[in-house]
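Structural features, examined
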Amino acid sequence: MSAALTAVGVAALGLAGLAATAVPAAASPGNEARFVALINAERAQVGVGPLSVSGDLTGVARGWSAHMAAVAVLSHNPSWTSQITNWQLLGENVGVGSSVPLLDQAFYASQHHRENELNPAFTQVGVGTVESGGQIWVTVDFRKPTFATAPPPPRPVPAPPVSRGAAVKAPTALRPGNYLQSTDRSHVAVQQGDGNFVVYSGGRPVWASSRATGQPLPGAFLAVQGDGNLVLYGPYGAQWVTGTAGSGSGHQLVMQNDGNLVLYGSSGPLWATGTAGR
């Protein structure tokens, strides 16, 4: 890795008049955006592509500008090469002055500062400005990253809940978001996205498959099988079963109005959550 560290550019008032002024510093995102716009306009004039604003560079730049304003001393950040990550090449301009245009003019008039601003190798920038005592303290950090920083992947959109009515007949599967609802709409049995199969009564959970499996099972689904078994499948196969295989035919799973979830066969009930009246 290599770092390009340039000399200081100072515009407007000198430091001597600032040292005796104890005024709280305040960050100014508006000034930071103006600096970025001016720098990119100058790059466009010479046929160089624009810089994209990087959040981590902005954070480092703001921290150093706040430090300079607090001590009223203009200097480069001695720790910037360790505070900033993912870089092949770095550049830094620092300054203090009465306005954004004056500071930008001072940077552009200085060969080394201008080289940072117009360097086609740099693709990212972070500007930190702090106002204190009527002056603007600014740090501009430039970076050529080691690897491209991709935007975070879009968050998956969960499938909308799908009602399967009050009962389902074998063979069928309840996928995440599928649910059974009692005819009086007071009780729901839902296959959740975390892999848990849960019975709710009046909005309260009264039974959950996690009591049997002991862990969440992403991607799990509940199968009402033709052999009479009710099985919760996870990524590694069957995770929980009712053990009712071989119990005849005509199996169906019913969410009853009394709050009980019951697996029926041709001979009657085979298994239930035991949540009636809860």
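What you see is a predicted model, and the numbers here were worked out from it, not measured in a lab.

About the thresholds
Residues numbered from 1 in each chain as written. Predicted model: local features only at pLDDT ≥ 70, side-chain atom pairs only at ≥ 80, totals over all residues. Heavy atoms only, no water. Salt bridge = Lys/Arg side-chain N within 4 Å of Asp/Glu carboxyl O. Helix = DSSP H or I, 4+ residues; strand = E, 2+ residues; numbered from the N terminus. Buried < 20%, exposed > 50% of the residue type's maximum accessible area, 1.4 Å probe, protein only. Pairing = 2+ DSSP bridges. Contact = heavy atoms within 4.5 Å. Axes fitted to C-alpha atoms, helices over the stretch in contact; angles between N-to-C directions. Parallel < 35°, antiparallel > 145°, perpendicular 65-115°, else oblique. Nonpolar A, V, L, I, M, F, W, Y, C, P; charged D, E, K, R; others polar.

1. Some points on the pattern of salt bridges
Enumeration according to the criterion identifies two salt bridges in this entry. In this structure, Glu 32 engages Arg 62 in a salt bridge whose closest nitrogen and oxygen atoms are separated by 2.8 Å. Of this pair, Glu 32 sits in helix α1 (residues 29-45) while Arg 62 is found in helix α2 (residues 55-71), placing the two residues 30 residues apart along the sequence. On the accessibility criterion, Glu 32 (5% relative accessible area) is buried. With a closest N to O distance of 2.8 Å, Arg 143 and Asp 56 form a salt bridge. On the criterion of sequence distance, the pair formed by Arg 143 in strand β6 (residues 135-144) and Asp 56 in helix α2 is long-range, its members being 87 residues apart. Overall, the relative accessible area of 35% leaves Asp 56 in the partly exposed class.

2. What about the sheet that holds strand β10 (residues 178-181)?
Adjacent strands of a sheet form backbone hydrogen bonds with each other and so pair up, either parallel or antiparallel. Spatial strand order, β7-β10-β11-β12-β13: five strands in an open sheet with mixed pairing. Each edge of the open sheet is held by one strand with a lone partner, namely β7 (162-163) and β13 (204-208). With three bridges connecting them, β10 and strand β11 (residues 187-191) associate as antiparallel partners. Residue pairing across strands places Gln 181 opposite Val 188, the latter belonging to β11.

3. Quick look at the side chain of Asn 40
In this fold, Asn 40 is placed in helix α1. Look past the residues within four positions of Asn 40 in its chain and what remains in contact with it is Pro 50 and Leu 51.

4. Structural notes on the packing of α1 against helix α5 (residues 111-118)
Orientation of α1 relative to α5, taken along the N-to-C sense of each, is 85°, at an axis distance of 9 Å. With respect to their mutual orientation, α1 and α5 come out roughly perpendicular. Note on element contacts: α5 touches α1 through Asn 116, Glu 117 and Leu 118, opposite Ile 39, Glu 42 and Arg 43. Across the contact of α1 with α5, the residue classes break down as two nonpolar, one polar and three charged.

Taken by themselves, the reported measurements are silent on function.
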